[in-house]
Each structure stands twice: as structure tokens, then as C-alpha cells.
Amino acid sequence: MKLDILVIAAHPDDAELGCAGTILTHVAKGHKVGIVDLTKGEMGTRGTPELRVQEATKAAEILGLAARENLGFKDVYFQDDESHQLELIKIIRKYQPDIVLANAVSDRHPDHGKGSRLATNACFMSGLRKIETQLEGESQKPWRPQYVYHYIQNNYIEPDFVMDITPYWETKVQSILAFQSQFHDPSSQEPESFISTPDFLPFIEARAREFGHKILTTYGEGFTVEKMIGVKDLFDLR
Ligand SMILES: [Zn+2]
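Residues numbered from 1 in each chain as written. Predicted model: local features only at pLDDT ≥ 70, side-chain atom pairs only at ≥ 80, totals over all residues. Heavy atoms only, no water.

## Some words on the overall build of the chain
Along its length, the chain carries six helices and nine strands. Against the 2.2 N^0.38 benchmark of 18 Å for 238 residues, the chain shows a C-alpha radius of gyration of 17 Å, consistent with a compact globule. With respect to the three principal axes, the spread of C-alpha positions in the chain is 50 × 45 × 30 Å. Counting only residues that meet the buried cut, the chain has 47% of its 238 residues in that class. When the accessible surface of the chain is summed, it comes to about 12200 Å², and 53% of that surface belongs to carbon and sulfur atoms. With 26 positive and 35 negative side-chain charges, the chain shows a spacing of 6 Å between the two charge centroids. (Helix = DSSP H or I, 4+ residues; strand = E, 2+ residues; numbered from the N terminus. Rg over C-alpha atoms; globule rule 2.2 N^0.38 Å. Buried < 20%, exposed > 50% of the residue type's maximum accessible area, 1.4 Å probe, protein only. Areas by Shrake-Rupley, 256 points an atom, 1.4 Å probe, with all protein chains shown as cover. Lys, Arg positive; Asp, Glu negative; His and termini not counted. Charge placed at Lys NZ, Arg CZ, Asp CG, Glu CD.)

Pasting the structure below:
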């Protein structure tokens, strides 16, 4: 199955926090969007890998995803090296996305910057004919996504462009809250984590409002690019 957009995320919930509004916008326009989570987030303070898989499935339904996979890389320890690149290249060639949305280029959690570099490298390498991969015994064709955009997560990064996600803000919040084990829950007996405090979700809203404010709307998601963006019509810009 070909996807229009593939989101690559170090942990289940990175995609929801960073770019759920953008996913929802494009699913509503009829595009096929999928997520590949690199790890099960097993080193997270709260929850279990099994629970996070269930939560990711629930979030996928809320987002209307055409596909969601987990590569099962080791949380915290995975590397941007040959074996991990080859596994990701297989996924890129399988889904042939035109656009890839990847983790922030650097962030508080080192896996985000590492996942970002791994995604960028795998997208380029996936286009190299002499890198041979197989999926279910079949040789795969080379495929290079046209664009890689990086969503912004925890640390502030000045975006190169902002997507207006105002119509999808409420649904984005629902997709984040599908990861119930990770965020503030007064009834939870688990230890507090950086993202489970009552201040975390208001911070996510403040960030979305700040980006939205910059483009004269209510809520936005910011992205950075590595390639120069070109336009055919100045009226496309707003
Ligand atoms: Zn993460």
C-alpha cells in the first residue's frame, strides 16, 4: 500500500505531540497517512510496552491512519547505523511516501535528534539503487521521498513554516490523551514523569497557540526543513 505521508517517530506519542493536527488535516483531504514508531518507548517512566501498543492503536483510530507499525528498536539505545538504517529503508520502500515527517532535529530527549538523523539518512539512502533490501522474500525498488519535514516537540525551535491546525485542535488533544499512561492522571499510582505533571498539556497548548499566533490563527504546528522550499504561486503563502 502506498502512503502519501509517512510519519517517523522515535516513541509512540511523539507523532501525536508533534504533528497530529497536520496528520488530521491531510487525512481529511483524502491523503493516506501512516506512522512508524521506531521503539515501544519501553524506557519511559510510566506504562508498559504492551500498554503503549494498545494506546498507539487507539490513537491511530482517532487520527484515521492508513497504517501504523512499530519497528521494535531498543528505546534509548538505538543508533543511526547500518542495521537500523536498513530496517527503516525497508519501511520507506514498502510505503513509498512522497512526504516524510520526522522528529525534531534536536530535543530534550536524545532519541528525538537521533531518530531525526536516522530518518533523514534512511530517506536519502532508500533512493540508492545499490542498497538492496527484501521484504517477505521480494526485492524492493528504490524510493526516495521528495520532502522530509521535522516537527517540533519539546524544546523551542524556530519553525521554517507553520501549519494551521485550528479545526483539528480538539481531535489532536484526544489523540494525545489516548496515551493515558503517559499524561496527567490523578488516579494513577505510577511515578511522576516530565510529561505527566498537570503543567504538561497546558504547555502543549501554549506552544500550539504561540505558533498559531505567528500565522494569525489560533493553533499551529511548526516544522523545520533541510531543503529550500519552493512555491509556484505567491498566494499559496499566508
Ligand atoms: Zn519521544
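## Observations concerning the pairing of strand 9 (residues 220–225)
Most of strand 9 sits inside the fold, with five of its six residues counted as buried. Of the pairings in the sheet, the one linking strand 7 (residues 147–151) to strand 9 comprises three bridges and is antiparallel in character. Residue pairing across strands places Tyr149 opposite Val225, the latter belonging to strand 9. The pairing of strand 8 (residues 161–164) with strand 9 spans four bridges and is classified as antiparallel. Of the residues in strand 9, the one forming a bridge with Asp164 is Gly220. (Pairing = 2+ DSSP bridges.)

## Observations concerning the pairing of strand 2 (residues 33–39)
The buried fraction of strand 2 is high, at seven of seven residues. Pairing geometry for strand 1 (residues 5–9) and strand 2, over five bridges, is parallel. Note on strand 2: the bridge partner recorded for Ile5 is Val33. Regarding the hand of the β-α-β motif, the stretch spanning strand 1, helix 1 (residues 14–28) and strand 2 is right-handed. One ladder, built from five bridges, connects strand 2 with strand 3 (residues 67–73); its direction is parallel. Within strand 3, the residue paired with Thr39 across the bridge is Phe73. (Right-handed = clockwise from strand over helix to strand, strands pointing away.)

## Digging into the pattern of salt bridges
Counting across every chain of the model gives twelve salt bridges. Residues Asp37 and Arg68 are paired through a salt bridge, measuring 2.8 Å at the closest nitrogen-oxygen approach. Linking Asp37 in strand 2 with Arg68 in strand 3, this pair joins segments that are 31 residues apart in sequence. Asp37 gets classed as buried once you look at its relative accessible area, which sits at 2%. In this structure, the salt-bridge partner of Glu158 is Lys214, at a minimum N-O distance of 3.2 Å. With a gap of 56 residues between them, Glu158 in the loop between strand 7 and strand 8 and Lys214 in helix 6 (residues 200–214) connect regions that are remote in the sequence. By relative accessible area, Lys214 is classed as partly exposed at 46%. (Salt bridge = Lys/Arg side-chain N within 4 Å of Asp/Glu carboxyl O.)

## Brief notes about the side chain of Asp185
Examined against the element boundaries, Asp185 turns out to sit in the loop between helix 5 (169–177) and helix 6. Buried charge without a salt bridge: Asp185, with Arg46 as the nearest opposite-charge side chain at an N-O distance of 5.6 Å. Not counting residues within four places of it along the chain, the set of residues in contact with Asp185 comprises Arg46 and Gln180. (Contact = heavy atoms within 4.5 Å.)

## Brief notes about the packing of helix 1 against helix 2 (residues 49–63)
Here helix 1 crosses helix 2 at 35 degrees, and the two axes come no closer than 10 Å. Contacts from Glu16, Ala20, Ile23, Leu24 and Val27 in helix 1 reach Ala59, Ile62 and Leu63 in helix 2. By residue class, the composition of the contact of helix 1 with helix 2 is seven nonpolar, no polar and one charged. (Axes fitted to C-alpha atoms, helices over the stretch in contact; angles between N-to-C directions. Nonpolar A, V, L, I, M, F, W, Y, C, P; charged D, E, K, R; others polar.)

## Comments concerning the environment of Arg108
Following the sequence through the fold, Arg108 ends up in the loop between strand 4 (99–102) and helix 4 (110–125). On the basis of relative accessibility, which here comes to 46%, the residue Arg108 falls in the partly exposed class. Residues Arg108 and Asp233, spaced 125 residues apart in sequence, show a C-alpha to C-alpha distance of 37 Å.

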